[in-house]
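# Results of the structural survey
What follows is each chain in one-letter form.
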Amino acid sequence: MDKQRKIYAITVSKNYSKILEISIAENADYFEKWYIATQEDDINTIDVIKKANKSNIEIVYYPLDPKKHKDTHAKSLLKGPDAKLEIPPWVLPPDKEPTETQKQKLCALKRKGLIFDKGGAIRQIQKKTLFTNEIQENDLVLLLDSDIVLPKNFEDIIANTKIKKNTIYGSYRKDYLFYDDFLKNKNSYDYSVFDGAGFFQMYLATESKYCKRTVDCGYVDVEFKQQFKNYEYIENLTSCHLGASDMNWQGKKTDSFLFDDDIQSFCDLNKIEYNKNNSPDIKNKVVKYIEAIRLQNQQNIEGFPDYFIFGFPRCGTHSIISKIDNQKHIYVAKKSYNKYLEFFETDAPYQYTSFASYIRHFPKLMGGNSNWVDFSDNLIDEFETNIERVWLTFKKRKWNNFNDVKFIFLIRNPVDRAYSAYNSFDLDFPASKTWKWCEPGLSFNDNINSELVSFDDIKNKSECGSFLSNGCYFYYINKIIEKLELSKNDFLVISIEELTRKNSKEYLEELSKFMNIDCMSKISVENNNEYEFELDKNIKNKLYEFYKPFNNKLFELIGREIKEWNNE
């Protein structure tokens, strides 16, 4: 425990006076010194700081917004290399020629010019002010946004945290859109967009690392984090953010944190119907409006799925998806109205350069913790090609501020699955004549016997049919686990029988917990009683024997036997 370690905070604040007033009241006493950079035209912010009358707070005047800068305002002290503007590498790569798209973005950046110089203000304080005080090597520097409130036990948490050199530390975070929600600690959004985001960046005092000037707030945080070898979250430290994330990287334009007496005027200004007798409805409308503005203004609107549901044909995948789609706070990717994305399907057009088109379907919603789901129930045909597509998208082309995708494998008793697939083919005959069955239009027994004759092993399976091979789940699941290097915490294998029969509550809770959603209600799917003919007992027994080695390997992989698959 280190009670002697002092904290020097740096904050850039313009047009956040009402929120800054809360931040100062809650945070100021934690700091030996707090430098707050603003601009002379922001009278309200200056008045709030002076009214707080905190001896450890020092105002630093800096030309944050060039369009509002007057000759009578303070000028930047940064000269020469210190004044250089950094361009993000995703716009101007340091090691290769930019693409045409990158060139267009670069031109747009240059036309727009410097918008909000947060990086310059921090750099000036770090380089020209901070070390003129009696700051010691063991002291801490905290870059803190003006809309962040630290927890009541902040001092104890920091005192009990071992701070290492060349490591930048971050905080967990909850976002609040309404002041009364903040006071009551309810209706928050867990923030999980970017590890090391600049709302809270703490490090051991050093004269070797400084923020750089960028055209807006977005790249400042990323670039500064990259100067450190390591990044760590401070355990048990969760900050409160007063407002929505990713809203005002180019200077504040839209309020996203509202006090009670602001809500009606916000509604009037933005043409939102206001009914003072229905507060929850008003809040929902305000949240929807703020979300719409936030999405429109995001620099990097693209996101990534949190979960990919890998369903096998005729395993009830769409029944599960329809349930998930009706849950709160989770979203299933769609390509158009009422049509799911199905990006990796064999018949869908796919190019190895289409990563950008894929990630546009997963916009980062409030807090960044959007809980996006993508799925497919038709990746078994052309499996090697399809898994390569998935690997390219989820591993090779994914970048660092996307979380790894978790996999859910939906399976079904392979005997029932095979019979269901046959009945589906038979129902569509003769249109299905060219599909993957050995004896089109003939009985299930005929088709299974034909497949069994030509089935050597899963790698040398029957070329004429797929009723058998599509139920050899272990082979496909294990291939994906190995290809994508999934850990045990990264995947869940669950059967439709477990989700629909007598112990379904237990497995629905397991699935819901894995997906971080409210527990789903019971799911209904077809059963064999719906078919015109019952499955022949002899062929059923033969199939159970065929699948036994595959099922045993699967049970070993998932650490449990699926008792609902017993041959009754």
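Heads up: these notes are all about the structure in this document. (Residues numbered from 1 in each chain as written. Predicted model: local features only at pLDDT ≥ 70, side-chain atom pairs only at ≥ 80, totals over all residues. Heavy atoms only, no water.)

### A word on the packing of aromatic side chains
Where we set the bar: Working definition: rings of Phe, Tyr and Trp (its six-membered ring) pair if their centres are within 6.5 Å, and the pair is stacked with planes under 30 degrees apart, edge-to-face with planes over 60 apart, and tilted otherwise. Secondary structure elements are taken from DSSP: a helix is a run of H or I of four residues or more, a strand is a run of E of two residues or more, and numbering for both begins at the N terminus. The rule is simple: take the accessible area with a 1.4 Å probe, protein chains only, and divide by the maximum for that residue type; under 20% is buried, over 50% is exposed, in between is partly exposed.
Scanning the entire structure with this criterion turns up 54 aromatic pairs. Relative to F200, the ring of F154 lies with its centre 6.5 Å away and its plane at 80 degrees, an arrangement referred to as edge-to-face. Taken together, the residues span a long stretch of sequence, with F154 in helix α5 (residues 154-159) and F200 in strand β9 (residues 200-204) at a distance of 46 residues. Neither F154 nor F200 differs from the other in exposure class; each is buried.

### Here's the deal with the sheet that holds strand β18 (residues 491-495)
Which entries qualify depends on this criterion: One bridge is not enough; two strands pair if DSSP finds at least two bridges between them. By definition in these notes, contact holds between two residues if any of their heavy atoms fall within 4.5 Å. Each axis is a line fitted through C-alpha atoms, taken for helices only over the stretch in contact, and angles between the N-to-C directions span 0 to 180 degrees.
The strand order β13-β16-β12-β17-β18 describes an open sheet built from 5 strands, whose pairing is parallel. For this open sheet the edge positions go to β13 (331-332) and β18, each flanked by a neighbour on one side alone. One ladder, built from 4 bridges, connects strand β12 (residues 307-311) with strand β16 (residues 372-376); its direction is parallel. The residue bridging F310 from the neighbouring strand is S376, located in β16. Running over the sheet, helix α10 (residues 317-325) touches β12, β13, β16 and β17 (406-411) and is turned about 165 degrees from β16. Along the sheet, helix α15 (residues 473-484) makes contact with β12, β17 and β18, crossing β17 at roughly 175 degrees.

### Some details on the state of the cysteines
Quick reminder of the rule: Sulfur atoms of two cysteines make up a disulfide when they are within 2.5 Å.
Summed over all chains, the structure comprises 1 disulfide. The disulfide partner of C438 is C464, and the gap between their sulfur atoms is 1.8 Å. Looking down the S-S bond of the C438 and C464 bridge, the torsion is 65 degrees, so its handedness is right-handed. Placement of C438 in the loop between α13 (414-427) and α14 (444-454) and of C464 in the loop between α14 and α15 is noted, with a sequence separation of 26 residues between them. In this structure C464 comes out as partly exposed when scored by relative accessible area, which is 33%.

### So, helix α7 (residues 218-225)
A large share of α7 lies buried, amounting to 7 of its 8 residues. Those residues of α7 that are buried are in contact with β4 (85-86), α4 (118-129), β5 (140-144), β7 (167-176), β9 and β10 (213-214).

### Here's the deal with the pairing of strand β2 (residues 33-38)
Under the convention used in this document: The crossover handedness rule: strands pointing away from the viewer, path from first strand over the helix to second strand clockwise, crossover right-handed.
Taking burial as the measure, the 6 residues of β2 include 6 buried ones, the bulk of the element. Here β2 shows a buried face lined by K33, Y35 and A37 and a second buried face lined by W34, I36 and T38. Judged from the 5 bridges that link them, strand β1 (residues 7-12) and β2 form a sheet pairing that is parallel. Directly across from I10, in β2, lies its bridge partner Y35. With respect to chirality, the unit in which β1 leads through helix α1 (residues 17-27) into the neighbouring parallel β2 is right-handed. As judged from the 5 bridges shared by β2 and strand β3 (residues 57-61), these two strands associate in the parallel manner.

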